[in-house]
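What follows is the residue order along each chain.
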Amino acid sequence: MLCVDGLSVLAAAFDVAFKQWDWSIMTETTGNKPPQYAADKPGICAARIHQKLDNRFYQNVSAATFPMTQLRYRNDDAAGSIGLDQLDDAAWLSHFGNFEPFAGSFESPLALCYHGHQFGHYNPDLGDGRGFLFAQFYDNRNRLMDLGTKGSGTTPFSRSGDGRLTLKGAVREILATEMLQALGVETSRTLSVIETGESLQRQDEPSPTRSAVLVRLSHSHIRIGSFQRLFYHDDADGIETLARHVARHYYATPEYGAGQGAGQGVAQGAVQGTVVDADAGLEDLLADLLQAIASRIAVTAGQWMAAGFVHGVLNTDNFNVTGESFDYGPWRFLPQFDAGLTAAYFDQTGRYAYGRQPEAAMWAVCRLADCFVKLVPKNILEDRLEGFYQQLEKALASAVQYRLGITFADVDDERDAVLARQLFTAAKTSAYGFDQIFHDLYGGTPRAAGYHGDEWQPLVETLSDASLIRPDALQHPHFGQSRAVSLTIDEVESVWAPIAAHDDWQPLVEKIAAMRSMRAALSGETVTDMPKIISGAPPTA
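As the structure is a prediction and not an experimental result, all values here were calculated from the model.

Definitions and limits used
- Residues numbered from 1 in each chain as written.
- Predicted model: local features only at pLDDT ≥ 70, side-chain atom pairs only at ≥ 80, totals over all residues.
- Heavy atoms only, no water.
- Helix = DSSP H or I, 4+ residues; strand = E, 2+ residues; numbered from the N terminus.
- Buried < 20%, exposed > 50% of the residue type's maximum accessible area, 1.4 Å probe, protein only.
- Areas by Shrake-Rupley, 256 points an atom, 1.4 Å probe, with all protein chains shown as cover.
- Axes fitted to C-alpha atoms, helices over the stretch in contact; angles between N-to-C directions.
- Parallel < 35°, antiparallel > 145°, perpendicular 65-115°, else oblique.
- Left-handed = near helix turned anticlockwise from the far one by under 90°.
- Contact = heavy atoms within 4.5 Å.
- Nonpolar A, V, L, I, M, F, W, Y, C, P; charged D, E, K, R; others polar.
- Expected span 1.5 Å × (residues − 1).
- Polar contact = N/O pair within 3.5 Å; in protein donor to acceptor, adjacent residues only side chain to side chain.
- Phe/Tyr/Trp six-rings, centres within 6.5 Å; stacked < 30°, edge-to-face > 60°.
- Lys NZ or Arg CZ within 6 Å of the ring centre and 35° of its normal.
- Salt bridge = Lys/Arg side-chain N within 4 Å of Asp/Glu carboxyl O.
- pLDDT = per-residue confidence, 0-100.
- Core = buried A, V, L, I, M, F, W, Y, C linked by side-chain atoms within 4.5 Å.
- Pairing = 2+ DSSP bridges.

Chemist: Before we go on, may I ask you to explain the overall build of the protein in this structure?
Modeler: Scanning the protein from N- to C-terminus turns up 16 helices and 16 strands. Here the protein, with 541 residues, has 61% of them falling under the buried criterion. When the accessible surface of the protein is split by element, carbon and sulfur atoms take 48% of a total near 19,800 Å².

Following this line, the structure appears as structure tokens:
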């Protein structure tokens, strides 16, 4: 059995009962460098790295043909990192609505093969069912990036699905990725949303509802479930092949672990320095890779908790090998602190509730270890996972201080953990909005009334030894407003309602502007240019 004790911050604050799942790893019963792409030399550096693998890992597919392609959202801030911000709108629609291939990348899209545990139950009938890997590029920090789709048509893995995405689902993913990036969470980014003119039937939305195709920019779509599929088929060669591929292209240098943009410095200290030798002996390779992936997943899970984010569906096919958060369906942000808040209406047992996300992340990592257990002694794999919760708590404490805009003169992990515990304990007894607490306490001194009660005193005292993260941080206009930027489910619905009623996208524009202002305020960087958002009824309406 893996040891899951010592989760002091979360267990104390959340009253979470651990050791309820099967944590054990199963028993055995069943080199190349990327091209240099300097940040000061913009350009396009397309790649087809995933195609170096064989058809055990993907199937070539074709995109759907849509009756309409109406540009709705174009994120040049993200596109600029891979040199695509100079595309005109016609070329943008051609590539991201009609999926004309990019020179130097895949000639046809790749639907990726994977299995996964869904709410604890193994499902061998998964795979990219309404999306595919469209293209790959190296970004301006020499990282291999994927352009993956959502709603691009059926594939051999679609089962009974129609392969489509609702426009509301696309808008929700825009909001999730913008908010998470603003809060410093390691996340994919929404690159493009194009409305496609189809009428869809859904059980979780008023129907018929409108369709769209989304393209995300992500640091790999290879998942824990990718390894699970190979283990299921007893394909040891496939496991070795994929492991060497992941090590070579995602863990070759320390900087591969860094985040995607402003605010991402939260994670850098926790994951930089992780290098996996793709040419090592198999036992060392798999043990090192497990530890590296687990470390990055721990960091992201810690960041989720500080952000008050509930992913909603933490199945093993929704964890990728870089630890980056991605694939946003029924997500939520906390209105107030609530360890039991779930995002998915079908999560009736609370398996993926806010307070249980660290547990879910660890469970998923154990399932990755299962895939290596025939090739690496079980005790070695367990040893490599021993520090998971400590890594998570360190990332959580770092992310809490990032949101509070504070720094300390010395390094003290115990103090940092205590501070995080004090904040969550006070938040649990408070009726204040979760985001409002961070906003009011930014800089380490209460900037609003209501933080002088007994429940807040331990936190306020600990904060008194901290310094403002930057001398001019509180001068940013974001901190001149009394209300925090938040993204509760009611706010999401208020953004969507005018789009659905009369194609008014202005509330979305305003919400993204507020989130990008907060991102700049927290990171100390310049506010990035707004994405292009096009309102108005489509031509065929």
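Chemist: Got a minute to help me understand the packing of helix H6 (residues 236-250) against helix H8 (residues 282-307) in this structure?
Modeler: The geometry of a pair of packed helices is captured by two quantities: the angle between their axes and the separation between those axes. Packing of H6 against H8 brings their axes to within 10 Å, and their N-to-C directions diverge by 55°. Relative to H8, H6 is oriented oblique. Crossing of H6 over H8 shows left-handed handedness. From H6, Ile239, Glu240, Ala243, Arg244, Val246, Ala247 and Tyr250 reach across to H8, where they touch Leu282, Leu285, Leu286, Leu289 and Arg296. When grouped by side-chain class, the residues that make up the contact of H6 with H8 number nine nonpolar, no polar and three charged.

Chemist: What am I meant to see in the side chain of Ser325 here?
Modeler: As for its position among the elements, Ser325 is in the loop between strand E12 (309-310) and strand E13 (332-333). With near-sequence residues (within four places) excluded, Ser325 lies in contact with Leu180, Glu186, Thr187, Ser188, Thr300, Trp304 and His311.

Chemist: What exactly am I supposed to notice about helix H12 (residues 413-429) here?
Modeler: Working note: α-helix, 3.6 residues per turn, so residues spaced by three or four point in the same direction. With 17 residues, H12 should reach 24 Å at 1.5 Å per residue; the first-to-last C-alpha distance of 25 Å fits that figure. Within H12 the residues assigned to the buried category are Arg415, Asp416, Ala417, Leu419, Ala420, Gln422, Leu423, Phe424, Ala426 and Ala427. Where H12 begins, the side chain of Asp412 points an oxygen toward the backbone nitrogen of Glu414, at a separation of 3.2 Å.

Chemist: Can you walk me through the packing of aromatic side chains in this structure?
Modeler: For any pair of aromatic rings, the description rests on two quantities: the centre-to-centre distance and the angle between the ring planes. Evaluation of the coordinates by the stated rule reveals 27 aromatic pairs. Relative to Phe333, the ring of Trp331 has its centre 5.7 Å away and its plane inclined at 75°; by these criteria the two rings are edge-to-face. In terms of burial, Trp331 and Phe333 fall into one category: buried. The structure contains a cluster of three or more aromatic residues connected by ring pairs, namely Trp92, Phe96, Phe99, Phe102, Phe132, Phe134 and Phe137. Here the basic side chain of Arg403 rests over the ring of Phe438, its NZ or CZ set 4.2 Å away from the ring centre. Lying over the aromatic face of Phe408, Arg415 brings its terminal NZ or CZ to 3.8 Å of the ring centre.

Chemist: Can you help me understand unusual backbone geometry in this one?
Modeler: With the exception of glycine, most residues fall at negative phi, and the peptide bonds are largely trans. Backbone torsion omega between Ser207 and Pro208 reads 5°, so that peptide bond is classified as cis. Here Pro208 shows up in the loop between strand E10 (189-200) and strand E11 (209-218). Even without being a glycine, Asn142 presents a positive backbone phi close to 65°. Mapped onto the elements, Asn142 comes out in the loop between strand E7 (133-138) and strand E8 (144-150).

Chemist: Would you explain the pattern of salt bridges in this entry?
Modeler: Pairing is possible between side chains of opposite charge, provided their charged atoms come close. Evaluated as defined, the whole model comprises 33 salt bridges. Glu491 is paired through a salt bridge with Lys511; the nearest N and O atoms lie 3.0 Å apart. Of this pair, Glu491 sits in helix H15 (residues 489-502) while Lys511 sits in helix H16 (residues 506-523), and the two are 20 residues apart along the sequence. One connected set of salt bridges, linked through shared partners, spans Asp54, Arg56, Asp235 and Asp237.

Chemist: I'm lost on the confidence of the model for the protein in this one. Help?
Modeler: The predicted structure's coordinates, where accompanied by low pLDDT, should not be read in detail. Confidence in the prediction of the protein, expressed as mean pLDDT, is 90, and 88% of residues score 70 or more. The model gives residues 36-42 a pLDDT under 50, and that stretch makes 14 contacts with residues more than four places away or in other chains. For the stretch residues 257-270, pLDDT sits under 50, and the model shows 49 contacts to residues farther than four places along the chain or on other chains.

Chemist: Sorry if this is basic, but what is going on with the nonpolar core here?
Modeler: Soluble, globular proteins show a tendency: their nonpolar side chains are buried together. If you look at the biggest cluster of nonpolar residues, it comprises 99 residues, and the most contacted ones within it are Leu175, Phe227, Val246, Trp331, Phe372, Phe388 and Leu508. If you tally residues by element for this core, the top one is H8, at 12 residues. Apart from residues lying up to four places away in sequence, Phe388 is in contact with Ala294, Ile297, Ala298, Pro358, Ala361, Met362 and Val365. Formed by 30 residues, the second largest nonpolar core is a distinct cluster that contains Leu423, Tyr451, Leu459 and Val460.

Chemist: Just checking my understanding: could you explain the pairing of E11 for this structure?
Modeler: Each regular strand displays side chains that alternate between the two surfaces of the sheet. Most of E11 sits out of view: 10 of its 10 residues are buried. Here E8 pairs with E11 via five bridges, running antiparallel. Paired with Lys150 across the two strands is Leu214, which belongs to E11. Note: strand E9 (residues 165-166) against E11, two bridges, orientation antiparallel. In the strand pairing of E11, Thr166 is matched with Ser211.

Chemist: Explanation requested: the packing of helix H5 (residues 224-232) against helix H9 (residues 357-370) in the structure shown.
Modeler: Between H5 and H9, whose axes approach to 9 Å, the crossing angle comes to 35°. For the crossing formed where H5 meets H9, the hand is left-handed. Here Ile224, Phe227, Gln228 and Phe231 of H5 come into contact with H9, specifically with Ala364, Val365, Arg367, Leu368 and Asp370.

Chemist: It is not clear to me how H8 should be interpreted in this structure. Could you clarify?
Modeler: In this model, H8 (26 residues) spans 37 Å end to end at C-alpha, consistent with the 38 Å of a helix rising 1.5 Å per residue. The buried fraction of H8 amounts to 21 of the 26 residues, a majority that puts the element mostly inside the structure. After H8 finishes, the residue Gly308 shows a positive phi value of roughly 70°.

Chemist: Would you mind showing me how to read the environment of Gly83 here?
Modeler: Note that Gly83 resides in the loop between helix H2 (76-79) and helix H3 (89-96). Gly83 gets classed as buried once you look at its relative accessible area, which sits at 12%. Along the sequence, Gly83 and Ala46 sit 37 residues apart, while their C-alpha atoms lie 9.5 Å from each other.

Chemist: Just to check I follow, could you spell out the pairing of E8 for this structure?
Modeler: Burial within E8 is extensive, with seven of its seven residues counted as buried. In this sheet, E8 lies alongside E7 in antiparallel orientation, the contact comprising five bridges. Along E8, the bridge assignment pairs Tyr138 with Leu144.

Chemist: Got a minute to help me understand the environment of Leu487 in this structure?
Modeler: Residue position: Leu487 is located in the loop between strand E15 (467-468) and H15. Remark: the alpha-carbon pair of Leu487 and Ala176, spanning 311 residues in sequence, is separated by 8.4 Å. Sequence-distant contacts of Leu487, defined by excluding residues within four places in its chain, comprise Leu175, Ala176, Met179, Trp331, Phe333, Asp435, Val492, Lys511 and Met515.

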